[in-house]
Amino acid sequence: MKLIVAVIKPFKLDDVREALSALGVEGMTITEVKGYGRQKGQTEIYRGAEYSTNMVPKVKVEVAVTSALAQRAVEAIQQAAHTGSIGDGKIFIFDMSGAVRIRTGETNETAL
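Let me sum up the structure you'll find in this document. (Residues numbered from 1 in each chain as written. Predicted model: local features only at pLDDT ≥ 70, side-chain atom pairs only at ≥ 80, totals over all residues. Heavy atoms only, no water.)

1. Remarks on helix H2 (residues 67–81)
Thinking step 1. A rise of 1.5 Å per residue sets the reference length of H2, with its 15 residues, at 21 Å; its end C-alpha atoms lie 21 Å apart and thus fit the reference within 8%.
Thinking step 2. Of the residues making up H2, those classed as buried are Leu69, Ala70, Ala73, Val74, Ala76, Ile77, Ala80 and Ala81. All buried residues of H2 fall inside an arc of 165° around its axis, so they share one side. Turned more than 90 degrees away from the buried face of H2, the exposed residues are Ala68, Gln78 and Gln79.
Thinking step 3. Check the buried side of H2 and you find it contacts strand S1 (2–8), helix H1 (13–23), strand S5 (56–65) and strand S6 (89–95). (Helix = DSSP H or I, 4+ residues; strand = E, 2+ residues; numbered from the N terminus. Expected span 1.5 Å × (residues − 1). Buried < 20%, exposed > 50% of the residue type's maximum accessible area, 1.4 Å probe, protein only. Arc of directions from axis to C-beta. Contact = heavy atoms within 4.5 Å.)

2. Section: the pattern of salt bridges
Think of it this way: side chains of opposite charge can pair up when their charged atoms draw near.
Thinking step 1. Applying the stated criterion to the full structure yields four salt bridges.
Thinking step 2. A salt bridge links Asp88 to Lys9, with the nearest nitrogen and oxygen atoms 3.7 Å apart. Within this pair, whereas Asp88 is found in the loop between H2 and S6, its partner Lys9 is found in the loop between S1 and H1, the two being separated by 79 residues in sequence. The pair Asp88 / Lys9 is uniform in exposure class, with both members buried.
Thinking step 3. With a shortest N-O distance of 2.8 Å, Arg101 and Glu106 are connected by a salt bridge.
Thinking step 4. Note on Arg101: relative accessible area 28%, which makes it partly exposed. (Salt bridge = Lys/Arg side-chain N within 4 Å of Asp/Glu carboxyl O.)

Structure (structure tokens):
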């Protein structure tokens, strides 16, 4: 099993969700986050004054998938989140040692 964590631009969330749903991914966790990478922030205008901010708004998508589905899920996220611009985001893949569905007690891949 794999845990895939993607940090993407907020307006690409629906595209990513649809791409993962098409693969059969049944659940995901979404968190609004802020951060920066190589672009070191952005310039914004507030009440007519321009200012720089170190943190850029992003969305973190977390999905747990079977090992067999992991590579296709990563490719789907990458294609759906791609704009070709700086700040498209990153995808991280972690090995997952286990999962438990609280309601039923199902474990590992059956809990996904």
